[in-house]
Amino acid sequence: MKRKNIAFIIPTLKVGGAERVISTLSNQLNNEFNVTIIVFYKCIPFYTLNKNVNVVFCLDEYNHETNFYSSIKTHVKLLRKIFSTIKNQKIDVIIGFMTTANVYSVIVSKLSNATCIINERANPKLDDVNSSWRKIRKIFYPFSNKLVLQTNAVKEYYKEFIKPSQLEVINNPLSEKIISDLNPSLTKKKIILSVGRLDNTKNQELLIKAFANIKANGWKVNIAGDGIKKDYLKSLIKNLNKEDDIILLGNISNLENYYNTSSIFAFTSNNEGFPNALIEAMCFGLACISTNCEYGPSELIEDSENGFLIPVNDQMELEKKLQLLMSNTKLRNQFSRNAMRSNSKFRANFIAKKWKELIYKVCT
């Protein structure tokens, strides 16, 4: 049977959750399909891609357009380039990631007669899409063949304006590179790890304040990620006199080293789409504490079995659970074993199989 041609569409391939998922899926699906990734603006891909994955950049650079007519002009340029690529590559299935790319995917699929799958990654109630794009989303999304979501809770939201038969739930795959470097033989250190953008949503401030308020007993906190709150968090750590105990690592490419040697993972988000970092931490056998935010953590953690769930922004409860895990090696080991067992369903090959089945389903 002739190999199908599929194309992912995404704004960028820089560091990020959606970018990592597309890179992982492209590497996995490349064995079954001819894979193209169409990227809005030229950039150096952050994640490693198989040499057979074709990457096409639409425009050389991103220009933030405040003028309405200039913005429309940019949209038209992107749509033309995407359409020409779809036609030239004879794409059978278009797969959009993130709101703008999803809308483009629907439009181009109708012009090219390709099949269209779109994805939403974020919490639909709290994502940063403006009101105009929310309205556009409600108009265009029902014209896709399938909308892929990450959790059953998010699926309920979209049932309000999209037929249930168009909705599919497929979780994020674990990073291939990170999992290949899983090394259970390495000694776990007295380190609490946190991974995520430094912003209000991820709420690392909660972890910093909680840790500063308990007895460290030799424990340290490592926070991986970068973002708009970096300077504020550095100042907060300094004011709390915790510069030796709480380290801001920035964006790091060797995250697996920290997963391998840390003992506890603290996830303090106010809301989520689907928490990639939490899945990774559980796969590496870290004892996890997570806020029970919408959406995601409660579909990964069974409270007190393979981790702890705490109320959002509850510093006192975070302090209590941190102190408990820091002092109880037996409980950490129990959470570690149970977390690793419960995460096999997020392996890249398992998730890729679901995508293969969906692609063949929409093609027929």
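1. Considerations on the nonpolar core
Inside soluble globular proteins, nonpolar side chains tend to come together where they are buried.
Here is step 1 of the chain: In terms of nonpolar packing, the biggest core is built from 28 residues, with Ile192, Phe211, Ile264, Ile289, Leu322, Leu325 and Met326 touching the most fellow members.
Here is step 2 of the chain: Secondary structure elements with two or more residues in this core: α7 (204-212), β9 (220-224), α8 (230-239), β11 (264-267), β12 (287-291), β13 (308-310), α12 (315-327) and α13 (329-341).
Here is step 3 of the chain: Per element, the largest residue contribution to this core is 5 residues, and it comes from α7.
Here is step 4 of the chain: The next biggest cluster of nonpolar side chains, apart from the first, holds 27 residues, and it includes Phe8, Cys43, Phe97 and Leu358.

2. Overview of the sheet that holds strand β5 (residues 115-119)
Here is step 1 of the chain: Read from one edge of the open sheet, 7 strands run β3-β2-β1-β4-β5-β6-β7, paired in parallel fashion. Unpaired on one side and paired on the other, β3 (54-59) and β7 (167-169) mark the two borders of the sheet. Between one strand axis and the next, the sheet turns through 25° on average, direction left out of account.
Here is step 2 of the chain: Of the pairings in the sheet, the one linking strand β2 (residues 34-41) to β3 comprises 5 bridges and is parallel in character. Across the sheet, the residue bridging to Tyr41 is Leu59, located in β3.
Here is step 3 of the chain: With respect to the sheet, helix α2 (residues 68-88) is in contact with β1 (5-10), β2, β3 and β4 (93-97), its orientation differing from that of β3 by roughly 150°.
Here is step 4 of the chain: Across the face of the sheet, helix α14 (residues 348-363) comes into contact with β1, β4, β5, β6 (146-149) and β7 while running at roughly 140° to β5.

3. A word on helix α1 (residues 17-29)
Three- or four-residue spacings in an α-helix give side chains the same orientation, since the helix completes a turn every 3.6 residues.
Here is step 1 of the chain: With 13 residues, α1 should reach 18 Å at 1.5 Å per residue; the first-to-last C-alpha distance of 18 Å fits that figure.
Here is step 2 of the chain: Counted residue by residue, α1 has 12 buried out of 13 residues, so it is predominantly covered.
Here is step 3 of the chain: Residues of α1 that are buried: Ala18, Glu19, Arg20, Val21, Ile22, Ser23, Thr24, Leu25, Ser26, Asn27, Gln28 and Leu29.
Here is step 4 of the chain: Contacts made by the buried residues of α1 are with β1, β2, β4, α6 (176-180), α10 (276-283) and α14.

The rules behind each value
Residues numbered from 1 in each chain as written. Predicted model: local features only at pLDDT ≥ 70, side-chain atom pairs only at ≥ 80, totals over all residues. Heavy atoms only, no water. Core = buried A, V, L, I, M, F, W, Y, C linked by side-chain atoms within 4.5 Å. Buried < 20%, exposed > 50% of the residue type's maximum accessible area, 1.4 Å probe, protein only. Helix = DSSP H or I, 4+ residues; strand = E, 2+ residues; numbered from the N terminus. Pairing = 2+ DSSP bridges. Axes fitted to C-alpha atoms, helices over the stretch in contact; angles between N-to-C directions. Contact = heavy atoms within 4.5 Å. Expected span 1.5 Å × (residues − 1).

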